[in-house]
Amino acid sequence: MARGWKRKTKKAVGEERDWTLNLDVVHPNAAGIDIGNEAHYVAVPPDRDPESVRRCACFTEDLRRMAAWLRACGIETVAMQSTGVYWLPVYEILAEEGFRVFLVNARHTKNLPGRKTDVQECQWLLQLHTFGLLNDSFRPPEEICVLRAYWRQRSEHVAAASACIQRMQKALTEMNMQLANVISDLSGVTGMAILKAILAGERDRYKLADLAHPRIQASREEIARGLEGTWRKELLFILRQELNLYETYQRQIEECDQELQAHLKTLEDKIEPGDKLPPAKANKRPGDNAPAGFDLRGELYRISGTDLTRIDGINVMIAQTIIAEVGVDMSRFPTEAQFASFLGLCPDNQITGGKVFRRGTRRVENRAATALRMAATSLWRSKTYLGAKFRRFRMRLGAPKAITAMAHMLARLVYRMLKYGEEYVDMGMSYYEEKYREHEIRSIRKRAKDLGLLVTLSPTGA
């Protein structure tokens, strides 16, 4: 029997097999595109054209000829990798021409070795897409993409302006002027007034100290002591350039706010005509660098139909980042667990042989997930239900895992509010502590029962 089994195995190995019979064709009219910087390689099924693989230049007229060729070949769906930003023009032109474009993750196509050439890569994409083995990546609607572009550009300007402040503080420190130690914000009214006076030629430290705003807690003498230093010419030159650059970025941020406001007004209303914006939660700041020219919180409430800032830890800046990155339509995510997975906030344990050899979350670069982590971090001192839960997470898991776990919970709350229009209601810190106490009592009783013991609990001092 052993010989017969060997002979059958050898014969089975030697015969040719049609592996395509084991897979169902999901997208018969498919094409694959390997995206590049200078050229794209496009593959269609061999029965559609004698030249089934073509090289296409990146110019717009070449992309339109490529779309016409795909239409002539009867192509309906196209799969391509999200390589840098080179895929954007191709995606937009193909979508405009009526093709259904699948933007796939490059990691999902590199599980097997080989395919080192562009021709082989586009054919491999075609084969995988034909059998439905590639998932389409999430891309928000076009109006949300426009909103995201404005918000990301504004965020870049805010980061650059912050870098200018840091360089100004460095120049002042090198001149031994400890202005940053006596006022909290160099970019505030007092800081800007003193910097402009210094660059205008004022050197009397007491006259500079008189420019302080009345709300500054430091005394006039303390501010004057912090303004005594060495007036080095090269450092004053750097200070002037950085201040000019900072003011330029502030003007750019104002322009972004104007474009952002104008675009938000074009988005569809999700509230009834009589609905009014709920009052803001007490002692909740809108966030640093929030737009001051218009009511961003009101606009977000109008286009989403709910107020995400009701969730503890989420201010208007974080809410705007979430909506700009994922939009307000949660229909692309059937469940809140899939939404959390998209953000990279859910566990991704790798198990082999029944043993977990790696714990953690997927490495995902997502601005919305980063914003939710920032919101989770701010709950450390919050006297709310979420604040108490975060402190319990942190005590049990440690800070990094607790931040991810709380960001996961915040993502689920955001999903429910955007999809179902639910309003978040804080149950309070005492409510959570009472629930946790009841949970611990049940756990103690269960462990005692498993050990064959009967435990009677009574309050301390009874």
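Parameters and conventions
Residues numbered from 1 in each chain as written. Predicted model: local features only at pLDDT ≥ 70, side-chain atom pairs only at ≥ 80, totals over all residues. Heavy atoms only, no water. Helix = DSSP H or I, 4+ residues; strand = E, 2+ residues; numbered from the N terminus. Rg over C-alpha atoms; globule rule 2.2 N^0.38 Å. Buried < 20%, exposed > 50% of the residue type's maximum accessible area, 1.4 Å probe, protein only. Contact = heavy atoms within 4.5 Å. Areas by Shrake-Rupley, 256 points an atom, 1.4 Å probe, with all protein chains shown as cover. Salt bridge = Lys/Arg side-chain N within 4 Å of Asp/Glu carboxyl O. Pairing = 2+ DSSP bridges. Core = buried A, V, L, I, M, F, W, Y, C linked by side-chain atoms within 4.5 Å. Axes fitted to C-alpha atoms, helices over the stretch in contact; angles between N-to-C directions. Parallel < 35°, antiparallel > 145°, perpendicular 65-115°, else oblique. Left-handed = near helix turned anticlockwise from the far one by under 90°. Nonpolar A, V, L, I, M, F, W, Y, C, P; charged D, E, K, R; others polar.

Asks: Help me out: how do you make sense of the overall build of the chain in this one?
Replies: Each helix and strand in the chain was counted, giving 16 helices and seven strands. Compactness check: the chain gives a C-alpha radius of gyration of 30 Å against a globular reference of 23 Å for 462 residues, more than 25% above the reference. Based on the C-alpha atoms only, the size of the chain along its principal axes is roughly 100 × 80 × 55 Å. Here the chain holds 462 residues, and the buried ones make up 40% of them. The contacts in the chain between residues at least 6 apart in sequence include a share of 65% that link residues at least 24 apart. Carbon and sulfur atoms make up 51% of the accessible area of the chain, which totals about 27,800 Å².

Asks: Before we go on, may I ask you to explain the pattern of salt bridges in this structure?
Replies: Where charged atoms from two side chains of opposite charge approach closely, those side chains can pair. According to the stated counting rule, one finds 23 salt bridges in the structure shown. When the shortest N-O distance is used, the salt bridge between E242 and R167 registers 2.9 Å. With E242 in helix α9 (residues 233-266) and R167 in helix α5 (residues 142-174), the pair connects residues that are 75 residues apart, well separated along the chain. Given a relative accessible area of 11%, E242 falls into the buried group. The closest approach of N and O atoms between E247 and K196, which form a salt bridge, is 3.4 Å. Taken together, the residues span a long stretch of sequence, with E247 in helix α9 and K196 in helix α6 (residues 189-199) at a distance of 51 residues. The exposure class assigned to E247 is partly exposed, which follows from its relative accessible area of 24%. Taking the relative accessible area as the measure of exposure, K196 reaches 44% and is therefore partly exposed. Here the salt bridges share partners, and the residues they tie into one network are R64, R71, E96 and E97.

Asks: Please explain helix α10 (residues 296-304) as it appears in this structure.
Replies: In an α-helix, one turn spans 3.6 residues; hence positions three or four apart end up facing the same way. In terms of residue burial, α10 counts as a mostly covered element, since nine of its nine residues are buried. For α10, the full list of buried residues reads L296, R297, G298, E299, L300, Y301, R302, I303 and S304. In this structure, the buried side of α10 is in contact with α5, α9, α11 (316-326) and α15 (399-420). Two residues or fewer past α10, G305 is found with a positive phi of approximately 80°.

Asks: Would you take a moment to explain the pairing of strand β1 (residues 30-34) for this structure?
Replies: Looking along a regular strand, one sees side chains alternate from face to face of the sheet. In terms of burial, β1 is largely enclosed, as five of its five residues are buried. Taking every second residue as pointing to the same face, both faces of β1 are buried, with A30, G32 and D34 on one and A31 and I33 on the other. Relative to strand β2 (residues 39-43), β1 runs antiparallel, the two sharing three bridges. Residue D34 lies in a different strand from β2, and its bridge partner there is Y41.

Asks: Whenever I open this one, the nonpolar core confuses me. Can you help?
Replies: Membership of the largest hydrophobic core comes to 53 residues, with the highest contact counts inside it found for I311, I314, L343, L372, L386 and L410. Elements with a contribution of two residues or more to this core: α5, α9, α10, α11, α12 (336-343), α13 (367-377), α14 (385-397) and α15. Among the elements that line this core, the one with the most residues is α15, at 11 residues. L386 has contacts with I311, D312, L379, M406, M409, L410, L413 and Y424, leaving out every residue within four places of it along the chain. Within the second largest apolar cluster, 28 residues are counted, among which are L199, A212, I223 and L239.

Asks: Help me understand the packing of helix α2 (residues 60-72) against helix α3 (residues 87-96), please; the structure alone is not making it clear to me.
Replies: For any two helices packed against each other, the geometry is given by the interaxial angle and the distance between the axes. As a packed pair, α2 and α3 sit with axes 10 Å apart at the nearest point and diverge in direction by 45°. Our classification of the angle between α2 and α3 gives oblique. Taken as a pair, α2 and α3 cross one another with a handedness that is right-handed. Taking contact as the criterion, the partners of T60, L63, R64, M66, A67 and L70 in α2 are, on α3, P89, V90, I93, L94 and E96. Looking at the contact of α2 with α3 residue by residue, the classes come out as eight nonpolar, one polar and two charged.

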